[in-house]
Amino acid sequence: MSPISRGFRGRRRPVDPGRVPPGQYVVDDFPVLSAGPTPHTPTDEWSLTIAGAVGEARSWTWDEFLALPAETVTTDIHCVTKWSKLGTTWRGVSLDFLLEQVGTTADYLTAWSDGDYTTNLALEDVTDGRAWVAHLFDGEPLEPEHGGPARLLVPHLYFWKSAKWVRGITFTEEDEPGFWEAAGYHNHGDPWKEQRFWND
Amino acid sequence: MEGAALLERLRIRRAITWRTATVASIADETARARTIVLDVPDWPGHVAGQHLDVRLTAEDGYQAQRSYSIATAPEDPRIALTVERLEDGEVSSYLAGDLRPGDEFEIRGPIGGHFTWSVEDGGPLLLAGGGSGLVPLMAMLRHRAARESTVDTRLLVSAGRWDEVFYRDELSALAAGDGLVTRYTLTREQPQGWTGDSRRVDADMLAALGPAPRDAPRVFVCGPTAFVETVADALVGLGHAPGAIHAERFGPTGG
């Protein structure tokens, strides 16, 4: 039973409780959370590599990536630092499509990024239209501080799973905790179950 | 795994559970910011630079959560937060407004295993704080002082005006000790006879402050997003290793 904070009433926004997970509040701007400097990788030096436990590793240059079939996704996003942003619009390539190109039977993957960031995901969290590599936000090239040139987009999990500056996905047989997962954050990160920290 | 790393791991892996904190005292830091000292039974201890989550509960059960950096050193038996009141801040307007000694709310932590420093990590140190981004850096400076460390430490403090700088007197006292060089920049208004900088932080300012990249300082940058982006980009441009630069950003909607 939580103690009452005397005199606290809150400033509640009229929000659809079906869209805002517990402990979250809605923002209109787009806060930036990253653990280090923002990498600025030129697109002519950029590539996306899918490797590890796959049938055949594949790599795409920026131009090749832009030529892949892309989808427009409108979705809500939820950061573990409590903010949620509703109705964000992205464009990117579905992981379903990318995985078809390599073939894998592994159950886990690690997304890795410029700036040495990593995050781990289960295969079932990135298939069936639940994950993309996104390069446009609101129809514009994704800003570097928000993960451009391209970031992972896995909006049904806390947003640290949507790795900024993603450069590769490595499939693994075992689940290997990534940067924040090894630092006390939850391994799965479902906002609707409020899986913020490892013991949640 | 080496001893310090193992200890860190154990510290991080302690269960993060909600505890009731009681406000012991409140002191004005600036016109818009207050330092709130908390009594927290069974606080598991923290590392300088870590933060905690605050959860407020209204009478009808409505709850709101936000994160705040811990301002106190691990050696201090009490936890202190310095909270700046934001116009739209649902939680900050209460913490830096109606809150009184004796009031209770919930906290859990410590949180964060990356933006941390302890004396055992060594130096030199380069700390850059914009506005309330000074708070986790102050925990590091207080820890350094509590351990009587003289490790080479350079501190850059950026604020709009002098009376918006947190912990002014304490920073002056700390700077009188060995090994700490503090540089201030006031971007909007400077007092008469001001000898510090009076422009937005830039590469020249950071180069003059040091330490040089060849000395491989551990760098901690905290503040609004634009401040952190500017400082981190400038430091990378000066030749500091990106991996040595620890950043913590907060936007206008810190809450």
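Our structure's up above, just so we're on the same page.
Conventions and cut-offs
- Residues numbered from 1 in each chain as written.
- Chains lettered and ligands numbered in written order.
- Predicted model: local features only at pLDDT ≥ 70, side-chain atom pairs only at ≥ 80, totals over all residues.
- Helix = DSSP H or I, 4+ residues; strand = E, 2+ residues; numbered from the N terminus.
- Rg over C-alpha atoms; globule rule 2.2 N^0.38 Å.
- Buried ≥ 20, exposed ≤ 12 C-beta atoms within 10 Å, placed from the backbone.
- Pairing = 2+ DSSP bridges.
- Axes fitted to C-alpha atoms, helices over the stretch in contact; angles between N-to-C directions.
- Contact = placed C-beta atoms within 7 Å.
- Nonpolar A, V, L, I, M, F, W, Y, C, P; charged D, E, K, R; others polar.

Take the overall build of chain A next. The secondary structure content of chain A amounts to two helices and 11 strands. Moving toward the C terminus, one meets the helices and strands of chain A in the order β-β-β-α-β-β-α-β-β-β-β-β-β. Computed over its C-alpha atoms, the radius of gyration of chain A comes to 17 Å, within 12% of the 16 Å expected for a compact globule of 200 residues. Along the three orthogonal principal directions, the C-alpha set of chain A runs to about 60 × 35 × 30 Å. Looking at chain A as a whole, 41% of its 200 residues are labelled buried.

Here we take up the sheet that holds strand β8 (residues 153–159) of chain B. Residues and elements named next belong to chain B. With parallel pairing, the five strands of this open sheet are ordered in space as β9-β8-β7-β10-β11. In this open sheet, the two strands that pair with only one neighbour each are β9 (180–186) and β11 (245–250). The sheet shows a mean angle of 10° between the axes of neighbouring strands, direction not considered. Strand contacts of helix α6 (residues 225–238): β7 (125–130), β8, β10 (218–224) and β11, with the helix running at about 150° to β10, the strand carrying the most contacts.

So, about the interface of chain B and chain A. Accessible area lost upon the coming together of the parts serves often as the stated size of an interface. At the junction of the two partners, chain B supplies 41 residues and chain A supplies 34 residues. Sorting the residues of the side of chain B that touches chain A by element identifies β3 (51–57), β4 (63–69), α2 (92–98), β6 (104–111), α6 and β11 of chain B as the ones contributing at least two each. Of the residues assigned to the side of chain B that touches chain A, the class counts are 16 nonpolar, 13 polar and 12 charged.

Residue and element names in this part refer to chain B. If you trace the backbone, S198 turns up in the loop between β9 and α5 (203–209). You can call S198 partly exposed: it has 13 C-beta atoms within 10 Å. Between the alpha carbons of S198 and R188 there is a distance of 7.5 Å; along the sequence they are 10 residues apart. Apart from residues lying up to four places away in sequence, S198 is in contact with T185, L186 and Q190.

Another point: the pairing of strand β4 (residues 71–78) of chain A. Residues and elements named next belong to chain A. In terms of strand pairing, β4 meets strand β5 (residues 83–94) through seven bridges, oriented antiparallel. Looking at β5, one finds that T74 is bridged to T89. What sits between β4 and β5 in their antiparallel hairpin is a turn of four residues, with K82 showing a positive phi close to 100°.

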